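Coordinates in review
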Amino acid sequence: MKKDKIKEHLKKVLKPGRYEHTLGVEYTADCLAMRYGCDMAKADLAGLLHDCAKWIPNKEKVAMCKERKIPFTQVEQENPELLHAKLGAEVAKETYGIEDEEILSAIRWHTTGKPDMTLLEKIIFVADYMEPNRDKAPELDKIRRLAFEDLDQCLIFILKQTLEYLNGKTASCDPMTLETYHYYTKHEVQ
Ligand SMILES: [Fe+2]
Ligand SMILES: [Fe+2]
């Protein structure tokens, strides 16, 4: 599907706020791709499509994952909202015709991250957190500056903030977020 058609479709299915967020992630992903020499067309598409499964009702998300034999964890079963990332990669392929595995993987891992991320995966993860419409997370100024100075440090900072927030809420944390955090803090170059 062509980009203008994708946008048209997303505008129809996503809530207005979610669509605005989507455009914000697309824009931020483009900027970070410029800064770090990542393929801009890929960053743009991954940003645009990262939340393409967000509008699907939770029950349907679970059913769709089962149909497609996408494995999910206990935490995801209890919080089907989390499945929009994994499912998003499938929807991007099935509905929007995205075949590029790098783009699909960036969509798949945009909420939890994963160990040993590609540049594109890092860019989408960070862009999702800091795009211009975001205003809830603390220290966004610092995050936005850090994103353009040192992407890995920014990634670590966001993961730490996410884990602290989830602990505070006693909500269940996706084990992959913790795994990603440990991976990057262990591999940190001092
Ligand atoms: Fe998302
Ligand atoms: Fe998002």
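The coordinates are above.
Conventions we followed
Residues numbered from 1 in each chain as written. Chains lettered and ligands numbered in written order. Predicted model: local features only at pLDDT ≥ 70, side-chain atom pairs only at ≥ 80, totals over all residues. Heavy atoms only, no water. Donors = N, O, S within 2.8 Å, 3.2 Å for Na, K, Ca; no water. Helix = DSSP H or I, 4+ residues; strand = E, 2+ residues; numbered from the N terminus. Buried < 20%, exposed > 50% of the residue type's maximum accessible area, 1.4 Å probe, protein only. Contact = heavy atoms within 4.5 Å. Salt bridge = Lys/Arg side-chain N within 4 Å of Asp/Glu carboxyl O. Tetrahedral: all angles 85-135°; square planar, octahedral: opposite > 155°, others 65-115°. Core = buried A, V, L, I, M, F, W, Y, C linked by side-chain atoms within 4.5 Å. Polar contact = N/O pair within 3.5 Å; in protein donor to acceptor, adjacent residues only side chain to side chain.

**Quick word on the coordination of the iron ion (ligand 1)**
Protein coordination of the iron ion (ligand 1) is provided by Asp51 (OD), His84 (NE2) and His110 (NE2), with donor distances spanning 2.1 Å. Here the iron ion (ligand 1) and the iron ion (ligand 2) are spaced 3.4 Å apart, linked through Asp51, which binds each one. Here His84 is found in helix α6 (residues 84-94), whereas its partner His110 is found in the loop between α7 (101-108) and α8 (119-130), with 26 residues between them in sequence. Given a relative accessible area of 2%, His110 falls into the buried group.

**Section: helix α3 (residues 40-49)**
Among the 10 residues of α3, 8 are classified as buried, and the element is accordingly described as predominantly covered. Those residues of α3 not exposed but buried are Lys42, Ala43, Asp44, Leu45, Ala46, Gly47, Leu48 and Leu49. In this structure, the buried side of α3 is in contact with α1 (3-13), α2 (16-36), α6, α7 and α8.

**Comments concerning unusual backbone geometry**
Positive phi outside glycine occurs at Asp116, with the angle close to 55°. Structurally, the position occupied by Asp116 is in the loop between α7 and α8. The phi dihedral of Glu139 is positive, around 60°, even though this residue is not glycine. Within the fold, Glu139 resides in the loop between α8 and α9 (140-149).

**Remarks on the pattern of salt bridges**
Within this structure, the stated rule accounts for 19 salt bridges. For the salt bridge of Asp51 with Arg18, the shortest nitrogen-to-oxygen distance reads 2.9 Å. Of the two residues, Asp51 is situated in the loop between α3 and α4 (58-67) and Arg18 in helix α2; the sequence distance between them amounts to 33 residues. On the accessibility criterion, Arg18 (25% relative accessible area) is partly exposed.

**Let's talk about the coordination of the iron ion (ligand 2)**
Looking at the metal site, the iron ion (ligand 2) is ligated by His21 (NE2), His50 (NE2), Asp51 (OD) and Asp128 (OD), spaced 2.2 to 2.3 Å from it. Its 4 donor atoms give the iron ion (ligand 2) angles of 83 to 175° at the centre, a pattern that matches the irregular case.

**A look at α6**
Given 3.6 residues to a turn, an α-helix orients residues that are three or four positions apart in the same direction. In terms of burial, α6 is a largely internal element, 9 of the 11 residues being buried. Those residues of α6 not exposed but buried are His84, Ala85, Lys86, Leu87, Gly88, Ala89, Glu90, Val91 and Ala92. Where α6 is buried, its residues meet α3, α4, α5 (74-78) and α7.

**Topic: the nonpolar core**
One recurring pattern in soluble globular proteins is that nonpolar side chains are buried together. Ranked by size, the top nonpolar core spans 55 residues in total, and within it Leu10, Leu49 and Val126 carry the most contacts. In this structure, Val126 is in contact with Leu32, Ala147, Leu151, Cys154, Leu155 and Ile158, ignoring residues within four places of it in sequence.

**Observations regarding the side chain of Lys86**
Along the polypeptide, Lys86 turns up in helix α6. Polar contacts involving the side chain of Lys86 include one to the side chain of Glu76, which spans 3.0 Å. With near-sequence residues (within four places) excluded, Lys86 lies in contact with Ile70, Pro71, Phe72, Glu76 and Arg108.

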